[in-house]
Amino acid sequence: MTTDCIFCKIVAGEAKAEVVYQDDLVTAFRDTHPVGPTHILIVPNQHITAVSQAEAQHESALGRLFLAARKIAEMEQIQQGGYRLIVNTGPNGGQTVFHLHMHLIGGKRMRYPMG
Ligand code: 5GP
Ligand code: ZN
């Protein structure tokens, strides 16, 4: 755990969040500022700052993000309508929390590209 990382604290149960899924590699919780009817963040339990810092040892956790997204989409009943997965990386990518995370957004029709 990295001190002062809010997502590390959520993973450890030391900060409040609405956790919807957790396993040995990843944790998922609702975004505090949802941009759609479903907006969930899925994070590796181990602190990885960003995709730019990912290494081979993180491969299983990074793969698990996608499988968890699929599972949670089914739980949220958005699998049929579809959804969007986003991983913002670095300042130009719009990343504001520097613990790698995947946004799972669904429940409305979206267009690409955006801002
Ligand atoms: P980024 O811009 O880094 O890809 O996304 C960060 C996301 O984390 C934003 O959508 C923001 O609303 C969300 N967020 C920031 N702080 C917290 C927090 O303390 N708890 C939760 N649940 N979401 C947060
Ligand atoms: Zn962290």
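Each remark here, short or long, concerns the structure printed above.
Residues numbered from 1 in each chain as written. Chains lettered and ligands numbered in written order. Predicted model: local features only at pLDDT ≥ 70, side-chain atom pairs only at ≥ 80, totals over all residues. Heavy atoms only, no water.

Some remarks on the side chain of Asp 31
Its place among the elements puts Asp 31 in the loop between strand S2 (26–30) and strand S3 (38–44). An unpaired buried charge is present at Asp 31: no salt bridge exists, and Arg 30, the closest side chain of opposite charge, is 11 Å distant. In this structure the side chain of Asp 31 is engaged in a polar contact, spanning 2.8 Å, whose partner is the backbone nitrogen of His 33. (Helix = DSSP H or I, 4+ residues; strand = E, 2+ residues; numbered from the N terminus. Buried < 20%, exposed > 50% of the residue type's maximum accessible area, 1.4 Å probe, protein only. Lys, Arg positive; Asp, Glu negative; His and termini not counted. Salt bridge = Lys/Arg side-chain N within 4 Å of Asp/Glu carboxyl O. Polar contact = N/O pair within 3.5 Å; in protein donor to acceptor, adjacent residues only side chain to side chain.)

Remarks on helix H2 (residues 59–75)
Relative to the 24 Å expected for 17 residues at 1.5 Å per residue, H2 spans 25 Å between its end C-alpha atoms, a close match to the ideal helical length. Every buried residue belonging to H2 is among Ala 61, Leu 65, Ala 68, Ala 69, Ile 72 and Ala 73, and all of these are buried. The positive-phi residue at the C-terminal boundary of H2 is Gln 77, with phi of around 55 degrees. (Expected span 1.5 Å × (residues − 1).)

Side note on the coordination of the zinc ion (ligand 2)
Those donors, Cys 5 (SG), Cys 8 (SG), His 47 (ND1) and His 99 (ND1), are the protein atoms that reach the zinc ion (ligand 2), and they lie 2.1 to 2.3 Å from it. In terms of primary sequence, the donors binding the zinc ion (ligand 2) are separated according to C-x2-C-x38-H-x51-H. One end of the pair, Cys 5, is in the segment before helix H1 (6–11); the other, His 99, is in the loop between helix H3 (90–93) and strand S5 (102–106), and 94 residues separate them in sequence. (Donors = N, O, S within 2.8 Å, 3.2 Å for Na, K, Ca; no water.)

Quick word on the pairing of strand S1 (residues 19–22)
Relative to S2, S1 runs antiparallel, the two being bridged by three bridges. Bridging across to S2, Gln 22 finds its partner in Thr 27. Here S1 folds back onto S2, and the loop between the two strands holds three residues. (Pairing = 2+ DSSP bridges.)

Here we look at the pattern of salt bridges
For side chains of opposite charge, pairing can occur when their charged atoms come near one another. Per the counting criterion, the structure on display carries six salt bridges. Two residues, Glu 74 and Arg 70, come together in a salt bridge whose shortest N-O distance is 3.0 Å. Remark: Arg 70 and Glu 74 occur in helix H2; sequence separation between them is four residues, near one turn of the helix. Overall, Glu 74 belongs to the partly exposed group, its relative accessible area being 35%. Several salt bridges converge on common partners, so that one network encompasses Glu 18, Arg 30 and Glu 76.

A closer look at the nonpolar core
Counting 16 residues, the largest nonpolar core has Tyr 21, Ala 28, Ile 40, Ile 42 and Ile 72 as the members making the most contacts within it. Among the secondary structure elements, those contributing two or more residues to this core are S1, S2, S3, H2 and S5. Top element by residues in this core is H2. It accounts for five residues. In this structure, Ile 42 is in contact with Val 26, Thr 27, Ala 28, Leu 65, Ala 68, Ala 69, Ile 72, Leu 100, His 101, Met 102 and Leu 104, ignoring residues within four places of it in sequence. The next biggest cluster of nonpolar side chains, apart from the first, holds eight residues, and it includes Phe 7, Ile 10, Phe 29 and Val 43. (Core = buried A, V, L, I, M, F, W, Y, C linked by side-chain atoms within 4.5 Å. Contact = heavy atoms within 4.5 Å.)

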